[in-house]
Amino acid sequence: MTVTLLNPEIQPAILDTVAGIVRTDLAVKAYLSGNLFYAVSATLAVNLGVAVMLISIPSFLVPFFGVVFAMVFAAAYGVTLAPIGPYAAAMVPHSITVLIEFQAYIIAAFGAYLTGRAIFLPAGGEKRSVSQRYTTAAARVVSLYALVVPLLLLGAVYEAFEIIYLVGYFI
């Protein structure tokens, strides 16, 4: 966000790039429906999908991939969510959403780090098989999701409420 505040011209370029990659029609439809449950469900599905499918699972195939993805994801969304332009005030209530959701992504990225470490960097003298290391890594990731899921649920509830009921007062 700081980079964008210093160089505001990068935000439109990143927004155009992200719009070409990320499908936002489900989220827009959910929020425009005014149905809080639908919006919460759609938001949770998207955010949990990012955490599981783009951070956690790939790290079982490519060591530490989720850590790198989480950093790229944070940078890209930091640029897109920077409070500049005509709707900058809408980021006031949305900043709470960002804080909650990014905590969950950080925990998921920590799980990706632990996965890579457990599988590909066994402790000195460790004699466990690769399958045992994968099992240990999976157990660690699942235990971390006991934190990730409630954070993403809280973030989804707040985000849906905030977009449906609060953002209109800030734009």
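Reading the values: rules and limits
Residues numbered from 1 in each chain as written. Predicted model: local features only at pLDDT ≥ 70, side-chain atom pairs only at ≥ 80, totals over all residues. Heavy atoms only, no water. Helix = DSSP H or I, 4+ residues; strand = E, 2+ residues; numbered from the N terminus. Buried < 20%, exposed > 50% of the residue type's maximum accessible area, 1.4 Å probe, protein only. Contact = heavy atoms within 4.5 Å. Areas by Shrake-Rupley, 256 points an atom, 1.4 Å probe, with all protein chains shown as cover. Lys, Arg positive; Asp, Glu negative; His and termini not counted. Charge placed at Lys NZ, Arg CZ, Asp CG, Glu CD. Core = buried A, V, L, I, M, F, W, Y, C linked by side-chain atoms within 4.5 Å. Expected span 1.5 Å × (residues − 1). Bend = angle between axes of the 7 residues up to and from the residue.

## Side note on the overall build of the protein
Line of reasoning, step 1. A count of helices and strands for the protein gives eight helices and zero strands.
Line of reasoning, step 2. Its helices and strands taken in sequence order, the protein reads α-α-α-α-α-α-α-α from the N to the C terminus.
Line of reasoning, step 3. Overall size of the protein, expressed as C-alpha extent along the three principal axes, is 60 × 35 × 25 Å.
Line of reasoning, step 4. When the 171 residues of the protein are sorted by exposure, 36% land in the buried category.
Line of reasoning, step 5. Put simply, 77% of the contacts in the protein that link residues at least 6 apart link residues at least 24 apart.
Line of reasoning, step 6. With the model as given, the accessible surface of the protein reaches about 9,700 Å², and the carbon-plus-sulfur share is 75%.
Line of reasoning, step 7. Charge-centre separation for the protein: the mean point of 7 positive side chains lies 22 Å from the mean point of 7 negative side chains.

## Here we look at the nonpolar core
The tendency in soluble globular proteins is for nonpolar side chains to be buried side by side.
Line of reasoning, step 1. Residues Ala-51, Ile-55, Tyr-105 and Val-148 are the most contacted members of the largest nonpolar core, which totals 28 residues.
Line of reasoning, step 2. Breaking this core down by element, the ones donating at least two residues are helix 4 (36-56), helix 6 (65-80), helix 7 (91-120) and helix 8 (130-166).
Line of reasoning, step 3. For this core, the element with the most residues is helix 7, which contributes 13 residues.
Line of reasoning, step 4. With residues up to four places along the chain from it excluded, the contact list for Ile-55 reads Val-50, Gly-66, Phe-69, Ala-70, Tyr-105, Ala-108, Ala-109 and Ala-112.
Line of reasoning, step 5. Core analysis: the second largest hydrophobic core is formed by seven residues, Ala-30, Tyr-31, Ala-39 and Val-40 among them.

## Let's talk about helix 8
Line of reasoning, step 1. Here helix 8 contains 37 residues, and its C-alpha end-to-end distance of 50 Å stays within 8% of the 54 Å for a straight helix at 1.5 Å per residue.
Line of reasoning, step 2. Of all bends in helix 8, the biggest is about 35°, found at Tyr-145.

## Section: unusual backbone geometry
Line of reasoning, step 1. The backbone phi angle of Phe-64 is positive, close to 65°, even though this residue is not glycine.
Line of reasoning, step 2. Considering the arrangement of structural elements, one finds Phe-64 in the loop between helix 5 (58-61) and helix 6.
Line of reasoning, step 3. Relative accessible area serves as the criterion here: at 24%, Phe-64 is assigned to the partly exposed category.

## Some details on the environment of Ala-30
Line of reasoning, step 1. Relative to the assigned elements, Ala-30 resides in helix 3 (residues 25-33).
Line of reasoning, step 2. Between the C-alpha atoms of Ala-30 and Gln-11, which are 19 residues apart in sequence, the distance is 25 Å.

## Describing the side chain of Thr-115
Line of reasoning, step 1. Looking at where Thr-115 falls in the secondary structure, it is placed in helix 7.
Line of reasoning, step 2. Residue classification places Thr-115 among the buried positions, given a relative accessible area of 1%.
Line of reasoning, step 3. Sequence-distant contacts of Thr-115, defined by excluding residues within four places in its chain, comprise Ser-59, Phe-60, Ala-137 and Val-141.

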